[in-house]
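# Observations on the model geometry
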Amino acid sequence: MILTEKEVTTKEVKAWKGLHLLHFQGSSCSQKVRLMLGELEQKWVSHPINLIKQANSTPWYLGINPRGVVPVLVHDGVVHVESNDIITYLNTTFSKPGNSYFFDTSSTAAAEAQQLLDLEESLHMDLRLLTIEFGPLSLKSKDSIDAQEKNGNFDAKRAHEVEWWREKAENGISDSETCAAAKNFSTAFNKLDQRLAEQPWIMGDKISIIDISWFPNVQRLINMGYPMSRHKNLSAYYQRLISRPSFKAELSQPGSRFGKLLFGGIRFANRIKGKSMERCL
Ligand SMILES: N[C@@H](CCC(=O)N[C@@H](CS)C(=O)NCC(=O)O)C(=O)O
């Protein structure tokens, strides 16, 4: 999705040439785009946006993406948002003939693939909620929510995000919400697992953007102690993905290695406390 001229008030980005990614190492949506750029062997300029320091709520950043979330891709001065749209755009723009990461758009599989991208997108809040409960993400402070709301121009999507964070800061996360989120992933993973019983990649014989879109979810859930052994085909598929050069490169970044250690420590602590997703399934 391309933002309009009016939405982008931080004018300097319009002069940026080539591919620029505004992203955060620990963000699942940013990871999709880094993986896609790696698969396509594209060079890109990195602009880290530290979500821990709320760098996504500064007037400068909100002038690039008024939604206040990462990732943002700036390609030759044009601002693209929404990770699934960005990877679709990158594939259309940069994949070589015969090496497309998309399914055959003329086939009936196209609608099915779009549904799988939509399903992935629809689980984003569940992923966020589980990362607060089983990972290193924290609820936001009042000051940080106020900055997210007040800085920059009004944006309906950001207002929705602010409402979500405020509600959670006030009421906390209930056990039933946590279990519903874990169950939603379990249902989606069963669906992927069934497809992978017949074929090596979600859409068939070739890796596609659908695999790239789903990967950060599978990885995050594994990191948070989700019992992935319930989905044998998905587990084997995960191993196939992480043995690809672009995935290896992404996972060997210092930030990714640190993230793995951090999740490992939290998983261990949760095990001692008897806190698990398994009880919900
Ligand atoms: N649908 C959006 C979701 C973007 C999103 O929520 N990004 C998260 C990181 S994965 C974020 O920037 N969160 C910052 C915050 O909530 O303050 C996409 O796929 O790009």
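Refer to the structure printed above.
Residues numbered from 1 in each chain as written. Predicted model: local features only at pLDDT ≥ 70, side-chain atom pairs only at ≥ 80, totals over all residues. Heavy atoms only, no water.

### Quick word on the packing of helix 5 (residues 124–134) against helix 9 (residues 209–223)
- Interaxial distance between helix 5 and helix 9 falls to 11 Å at its minimum, and their mutual angle equals 25°. By the criterion of interaxial angle, the relationship of helix 5 to helix 9 is roughly parallel. Where helix 5 crosses over helix 9, the two elements pack in a sense that is left-handed. Contacts between helix 5 and helix 9 involve Leu-127, Leu-130 and Thr-131 from the first element and Asn-217, Arg-220 and Leu-221 from the second.
- Per-class residue counts for the contact of helix 5 with helix 9 are three nonpolar, two polar and one charged. (Axes fitted to C-alpha atoms, helices over the stretch in contact; angles between N-to-C directions. Helix = DSSP H or I, 4+ residues; strand = E, 2+ residues; numbered from the N terminus. Parallel < 35°, antiparallel > 145°, perpendicular 65-115°, else oblique. Left-handed = near helix turned anticlockwise from the far one by under 90°. Contact = heavy atoms within 4.5 Å. Nonpolar A, V, L, I, M, F, W, Y, C, P; charged D, E, K, R; others polar.)

### Some words on empty space enclosed by the protein
- Counted under the stated rule, the structure contains one cavity of 30 Å³ or more.
- When its volume is computed, the largest cavity comes out at roughly 40 Å³.
- If you trace the largest cavity, you find it lined by Ser-28, Cys-29, Lys-32, Glu-120, His-124, Leu-127, Ser-213, Pro-216 and Asn-217.
- For the lining of the largest cavity, the elements supplying multiple residues, two or more each, are helix 1 (28–39), helix 5 and helix 9.
- Looking at the lining of the largest cavity residue by residue, the class counts come to three nonpolar, four polar and two charged.
- Residue contributions to the lining of the largest cavity reach at least three from each of two domains, namely domain 1 (11–94) and domain 2 (113–280). (1 Å grid on protein atoms, 1.4 Å probe; cavity = no way out; pocket = protein on both sides within 12 Å on 5 of 7 lines; lining within 4 Å. Points joined across faces, edges and corners; volume = space filled by probe spheres on them. Domains from an automatic or database assignment.)

### Details of the pattern of salt bridges
- Counting across every chain of the model gives 13 salt bridges.
- The closest approach of N and O atoms between Lys-14 and Glu-5, which form a salt bridge, is 3.4 Å.
- Counted as one network, the salt bridges with shared partners bring together Lys-142, Asp-146, Glu-149 and Arg-166. (Salt bridge = Lys/Arg side-chain N within 4 Å of Asp/Glu carboxyl O.)

### Comments concerning the environment of Thr-9
- Considering the arrangement of structural elements, one finds Thr-9 in the segment before strand 1 (19–23).
- For Thr-9 and Pro-59, which are 50 residues apart along the polypeptide, the C-alpha to C-alpha distance reads 9.4 Å.
- Every residue in contact with Thr-9, bar those within four places of it in the chain, is listed here: Gly-63 and Asn-153.

### Brief notes about the site of the ligand
- Taken together, 16 residues form the shell around the ligand, and within it Cys-29, Val-70, Glu-82, Ser-83 and Lys-140 come nearest.
- Contacts to the ligand include Asn-56, whose side-chain N or O atom sits 3.0 Å from an oxygen atom.
- Here an oxygen atom of the ligand and a side-chain polar atom of Lys-140 are 2.5 Å apart.
- Out of a free accessible area of 520 Å², the ligand has 91% covered by protein chains. (Near = heavy atom within 4 Å. Polar contact = N/O pair within 3.5 Å; in protein donor to acceptor, adjacent residues only side chain to side chain. Areas by Shrake-Rupley, 256 points an atom, 1.4 Å probe, with all protein chains shown as cover.)

### Re the packing of aromatic side chains
- Under the definition given, this model contains six aromatic pairs.
- Where Trp-164 meets Trp-165, the ring centres are 5.0 Å apart and the plane angle is 85°; that geometry is what we call edge-to-face. By the burial criterion, Trp-164 is buried, and Trp-165 matches it.
- A ring pair is formed by Phe-185 and Phe-189, whose centres lie 5.6 Å apart and whose planes are at 50°; its orientation type is tilted. Of this pair, Phe-185 and Phe-189 both sit in helix 8 (residues 175–198), four residues apart, which is roughly one turn of that helix. Each member of the pair Phe-185 and Phe-189 is classed as buried.
- Put simply, the rings of Phe-185, Phe-189 and Tyr-226 touch in pairs and so form one group of aromatic residues.
- Over the ring of Trp-201 we find Arg-240; its NZ or CZ atom is 5.6 Å from the centre of that ring. (Phe/Tyr/Trp six-rings, centres within 6.5 Å; stacked < 30°, edge-to-face > 60°. Buried < 20%, exposed > 50% of the residue type's maximum accessible area, 1.4 Å probe, protein only. Lys NZ or Arg CZ within 6 Å of the ring centre and 35° of its normal.)

What is shown is where atoms sit, not what they do.
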